Amino acid sequence: SYSCNATQSQNYTSASMALANYVVEKANHTIHLAINGTESDRILVYGNITNLTGWLEITQGGAALYRNGFQVASGSPAIEIAQLGAGIYNYTYVYSQSENYTFQNVTRFLTILQKATAISLFLNGTRGNYSINEGDVLNMSVYLDVPLAVSLYVNGTLYNTSLPPLVNFTEFGLPGIYNITGIF
């Protein structure tokens, strides 16, 4: 509330007048949250690097970036660059109110899908069944398109485990049918 007062002087009498009350409301503002440069929810495949960036259009006050309820960055801009595992992530950028601006938040959902993998088993360079003679050496090779350990089994018995490519040379001295399996 404002008022105006004038003191008495030689030529004027004193005066007082109440003026109107003014209420200054907090201003609204815009905040932003982008996933890899796009201000919307995103779906990506595992292996992609994600860049979550929140920023303000004002300079007063502070803001924080949360992933699934845990703070991962703060400020303007608030940035998290990560390679996340498969799952659904809730990102929220929050501006706590200040003396002049209102509370604001914006939420985006990031979905990371599982990456398809391809595993291959080769017997002497052939994908599929293979016949050998008694005493022959068989090259059993397992390939996987991601750097995860692979294992080679013969009739259910583990023969070898390593990062791909797994190559194993084995002499089969007894005639028979063998189940050769590569897994990861």
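Note that this is a predicted model, so its numbers are computed, not measured.

A. Up close: the nonpolar core. Membership of the largest hydrophobic core comes to 20 residues, with the highest contact counts inside it found for L65, Y91, Y93 and L110. Mapped onto this core, the elements with two or more residues apiece are β3 (31–35), β5 (50–56), β6 (63–67), β8 (78–82), β9 (87–95) and β10 (104–113). The greatest single-element share of this core, amounting to 4 residues, is contributed by β9. In this structure Y91 touches L33, L52, L65, Y66, R67, E80, L84, V106, T107, R108 and L110, once residues within four positions along its chain are discounted. Listed in part, the 12 residues of the second largest apolar core include L123, V146, V150 and I180.

B. Seen up close, the sheet that holds strand β11 (residues 119–123). The strand order across the open sheet formed by 3 strands is β11-β12-β15, and the pairing between neighbours is antiparallel. Each edge of the sheet is formed by a strand with only one pairing partner; in this case those strands are β11 and β15 (166–171). Here the average twist between neighbouring strands, direction ignored, is 15 degrees. Bridging between strand β12 (residues 137–144) and β15 involves 6 bridges; their strand directions are antiparallel.

C. Up close: the pattern of salt bridges. Here the structure, examined in full by the defined rule, presents 1 salt bridge. A salt bridge links E80 to R67; the nearest nitrogen and oxygen atoms lie 2.5 Å apart. Of this pair, E80 sits in strand β8 while R67 is found in strand β6, placing the two residues 13 residues apart along the sequence.

D. Just the sheet that holds strand β4 (residues 42–45), in detail. Here 5 strands make up an open sheet; going across it, the order is β4-β10-β9-β6-β7 and the pairing mixed. Looking at strand neighbours, the two that pair on one side only are β4 and β7 (70–74), the edges of this open sheet. Neighbouring strand axes in the sheet, compared pairwise and without regard to direction, differ in orientation by 25 degrees on average. Here β9 pairs with β10 via 9 bridges, running antiparallel. Of the residues in β10, the one forming a bridge with Y93 is V106.

E. Spatial organisation of the pairing of β12. Taking burial as the measure, the 8 residues of β12 include 6 buried ones, the bulk of the element. By the bridge criterion, 5 bridges tie β11 to β12 in an arrangement that is antiparallel. Following the sheet pairing, F122 is matched in β12 by S141.

F. The arrangement of unusual backbone geometry in detail. Between S76 and the following residue, P77, the backbone shows a cis peptide bond with an omega angle of 10 degrees. Within the secondary structure, P77 sits in the loop between β7 and β8. Following P164, the chain continues to P165 via a peptide bond in cis, the omega torsion being 0 degrees. Locating P165 in the fold gives a position in the loop between β14 (157–162) and β15. The backbone of N36 shows a phi angle near 50 degrees, a positive value even though the residue is not glycine. Its location among the elements puts N36 in the loop between β3 and β4. Among the residues examined, N36 registers a relative accessible area of 31% and is labelled partly exposed. The backbone of N124 sits at a positive phi, close to 50 degrees, despite the residue not being glycine. Looking at the secondary structure, you find N124 in the loop between β11 and β12.

Basis of the calculations
Residues numbered from 1 in each chain as written. Predicted model: local features only at pLDDT ≥ 70, side-chain atom pairs only at ≥ 80, totals over all residues. Heavy atoms only, no water. Core = buried A, V, L, I, M, F, W, Y, C linked by side-chain atoms within 4.5 Å. Buried < 20%, exposed > 50% of the residue type's maximum accessible area, 1.4 Å probe, protein only. Helix = DSSP H or I, 4+ residues; strand = E, 2+ residues; numbered from the N terminus. Contact = heavy atoms within 4.5 Å. Pairing = 2+ DSSP bridges. Axes fitted to C-alpha atoms, helices over the stretch in contact; angles between N-to-C directions. Salt bridge = Lys/Arg side-chain N within 4 Å of Asp/Glu carboxyl O.

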